[in-house]
Amino acid sequence: MSTTTQTRTNGRAPNHATPTFGNPDLPPQGRVNTQGNPESLRSDGPHNEVIESQFPSQMDPPATDISTQPFFWSSFNISPKRIQNGGWARELTSEDFAISEEIAGVNMHLAPGGIRELHWHQTGEWAIMTAGKCRITTIDAEGRPSVDDVEEGDLWFFPPGLPHSLQGLGPKGAEFVLAFDDGRQSESNTLLVTDWIAHTPPDVLSKNFGVPKEVFKNIPLNNLWIFQGEEPGELEADRAASRVERGTDPVIFRLSRSKPVRENSGGRIQVADSRNFKITTVAAALVTIEPGGMREMHWHPNADEWQYFLRGQARMTVFNTGPRATTNDFRPGDVGVVRKNFGHYVENTGKDVMQFLELFRSSRYEEVSLANWFSHLPPELLMQHLNLTREDVEMFPKGSRGVVPV
Ligand code: MN
Ligand code: MN
């Protein structure tokens, strides 16, 4: 009856097609093999059409996808918020998202004047501002303070153990994403100044600070974590009052205003690592891709990649041994993880600009571009691997482009 190659045949084993270009596996996978047999696609069991509509690549994977991999998609959009007067936070640790072993992420909002209380923790804290303005304070291991204001596209980095505070500024407060350089670190597991003061005998507080113990009689007995405070005054006044000196290594970096390391009609890549942001031990790349553009096929030899999607719509395919190839869709607020050395590419699937962050638990940003590698091989070697002619090879790009031009 059917003219397709995928029909049921009188009780015998299916007569599979020969693997083809674009559908290489045996037995073949993908919707393309169901033509003439729409019953193959039926899905009558319980399902959620609203969620499914957001994930076309999971519902209908490309015919080149094969096998499965541990989930590499998660999202702050589905993470429960801890809300207090003054702001909220939600997080994705390796408890929530198993593959995220090297980085834990936190998404936080502080109202104007809202304070994330003075604290410190075991891990480094990298952050990017995603909306509004924030005032941050810290002190380095030599006792030198910093007080800075940051806004959308700016980064900060606090090395492990160094204490800090965050406070939202007007008119809309601050929203930001934190990345801790340990997937198990939680924003609910930080050393809080109120906890320590409340759990120190009054006599010891008096002795330590050289003031009467009655000074402490109104301290909070439970920690504050996030609380509503007074909006601070001018930055320079706070700097003067904190006795900030010039010449310390900056704890902030204006990433979105930095010179791109790659830029063409398809988009750009801006990098912050220890070469231009000395203090950081977390490397970052901000990738901006025009409609129709694609972050080229590549991998990273030195660390897992933790991704945060800022705007637009994306589709990423991850390749590993097996072979395994899996495609997932990403939207703003989503998080992805690609293991070290796994091949991947990220397409802009929307009509607008798509932007995401690549983060690495390493002080240096490193990548291997497939196109760059090919362009630095003896042509005969590549021709024999892929059955190409010399003319074919001459059409390939002569190096890494980072983002494919459109
Ligand atoms: Mn912190
Ligand atoms: Mn990458």
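Every chain begins its residue count from 1, and numbering advances along the sequence as written. Each chain gets a letter, beginning with A, and each ligand a number, beginning with 1, in the order they are written. The predicted origin of the model limits local features to residues at a pLDDT of at least 70 and limits the giving and counting of side-chain atom pairs to 80 or more, whereas totals for whole chains, interfaces and linings rest on all residues. Derived side-chain values reflect all non-hydrogen atoms in the structure, with water molecules and hydrogen atoms excluded from consideration.

(A) Geometry of the sheet that holds strand β13 (residues 262-264). Two strands qualify as a pair provided DSSP detects at least 2 bridges between them. In this text, helices come from DSSP runs of H or I with a minimum length of four residues, and strands from runs of E with a minimum of two, each type numbered from the N-terminal end. Spatial ordering of the open sheet is given by β1-β20-β17-β22-β15-β14-β13, a layout of seven strands whose pairing is antiparallel. The open sheet terminates on both sides in strands that have one partner only, identified here as β1 (73-75) and β13. Ignoring which end each strand starts from, the neighbouring axes of this sheet average 20 degrees apart. Here five bridges tie strand β17 (residues 305-311) to strand β22 (residues 354-360), and the two strands are oriented antiparallel to one another. By the bridge assignment for β22, Tyr308 is matched with Leu357. Interaxial angle, 0 to 180 degrees, is taken between N-to-C directions of lines fitted to C-alpha atoms, where a helix line uses only the stretch in contact.

(B) Region of interest: unusual backbone geometry. For the bond running from Gly170 to Pro171, omega is 0 degrees, close enough to zero to count as cis. Residue Pro323 is bonded to the preceding Gly322 through a cis peptide linkage, with omega at -5 degrees. Within the secondary structure layout, Pro323 lies in the loop between β18 (314-320) and β19 (324-330). In the Ramachandran plot, Arg243 falls in the positive-phi region, its phi being about 55 degrees despite a non-glycine side chain. By secondary structure assignment, the location of Arg243 is in the loop between α5 (235-241) and β12 (252-253). Unlike most non-glycine residues, Asn341 shows phi in positive territory, near 75 degrees. Assignment of secondary structure puts Asn341 in the loop between β20 (334-338) and β21 (343-348). Here the term buried applies to any residue with accessible area under 20% of the maximum for its type, exposed to any over 50%, and partly exposed to those in between, with areas from a 1.4 Å probe on protein chains only. A relative accessible area of 42% means that Asn341 is categorised as partly exposed.

(C) Local environment of the environment of Arg135. With respect to the helices and strands, the residue Arg135 is situated in strand β6 (residues 125-139). With a relative accessible area of 5%, Arg135 lands in the buried category. Along the sequence, Arg135 and Ala285 sit 150 residues apart, while their C-alpha atoms lie 23 Å from each other. Identification of polar contacts relies on pairs of N or O atoms within 3.5 Å, with a donor-acceptor requirement for protein atoms, meaning one able to donate a hydrogen and the other able to accept it, and with residues adjacent in sequence counted only if both atoms are side-chain atoms. At a separation of 2.7 Å, a polar atom in the side chain of Arg135 contacts the side chain of Asp149. Only 2.8 Å separates the side chain of Arg135 from the backbone oxygen of Gly233, close enough to count as a polar contact.

(D) Representation of the coordination of the manganese ion (ligand 1). Taken together, the protein ligands of the manganese ion (ligand 1) are His119 (NE2), His121 (NE2), Glu125 (OE) and His164 (NE2), with distances of 1.9 to 2.3 Å. In this listing, donors mean N, O and S atoms no farther than 2.8 Å from the metal, or 3.2 Å for Na, K and Ca; water is missing from the atoms, so a site can look incomplete. Sequence spacing of the donor residues for the manganese ion (ligand 1), all on one chain, is H-x1-H-x3-E-x38-H. Both residues of the pair, His119 and Glu125, belong to the buried class.

(E) The arrangement of the pairing of β22 in detail. Burial analysis of β22 places seven of its seven residues in the buried class, which makes it a mostly covered element. Of the two faces of β22, the one lined by Met354, Phe356, Glu358 and Phe360 and the one lined by Gln355, Leu357 and Leu359 are each fully buried. As paired strands, strand β15 (residues 283-289) and β22 are joined by seven bridges and run antiparallel to one another. Each bridged residue has a counterpart across the sheet, and for Ala284 the counterpart in β22 is Leu359.

(F) Structural context of empty space enclosed by the protein. Here a cavity denotes grid points, spaced 1 Å and computed from the protein atoms alone, that fit a 1.4 Å probe unable to get out, and a pocket denotes an open set having protein on both sides within 12 Å along at least 5 of 7 lines; residues with an atom within 4 Å of a point are the lining. Grid points are joined across faces, edges and corners, and a volume is the space filled by probe spheres set on the points. Counted by the stated rule, this structure contains one cavity of 30 Å³ or more. Of the volumes computed, that of the largest cavity is approximately 40 Å³. What lines the largest cavity is simply Ile99, Ser100, Glu101, Glu102, Ile103, Asp304, Glu305, Trp306 and Val337. Gly is placed with the polar residues, together with every amino acid not listed as nonpolar (Ala, Val, Leu, Ile, Met, Phe, Trp, Tyr, Cys and Pro) or charged (Asp, Glu, Lys and Arg). Here the lining of the largest cavity is built from residues that sort into four nonpolar, one polar and four charged. In terms of domain composition, the lining of the largest cavity takes at least three residues from each of domain 1 (74-253) and domain 2 (258-404). For every domain, the bounds stem from an assignment made automatically or drawn from a database.

(G) Region of the structure containing the environment of Met383. Among the structural elements, Met383 can be located in helix α7 (residues 379-386). Using a relative accessible area of 18% as the deciding quantity, one classes Met383 as buried. As a C-alpha pair, Met383 and Val393 span ten residues in sequence and 7.2 Å in three-dimensional space. What makes two residues a contact is simply this: any of their non-hydrogen atoms within 4.5 Å. Once residues lying within four places of it in the same chain are set aside, the contact partners of Met383 are Leu388, Thr389, Arg390 and Val393.

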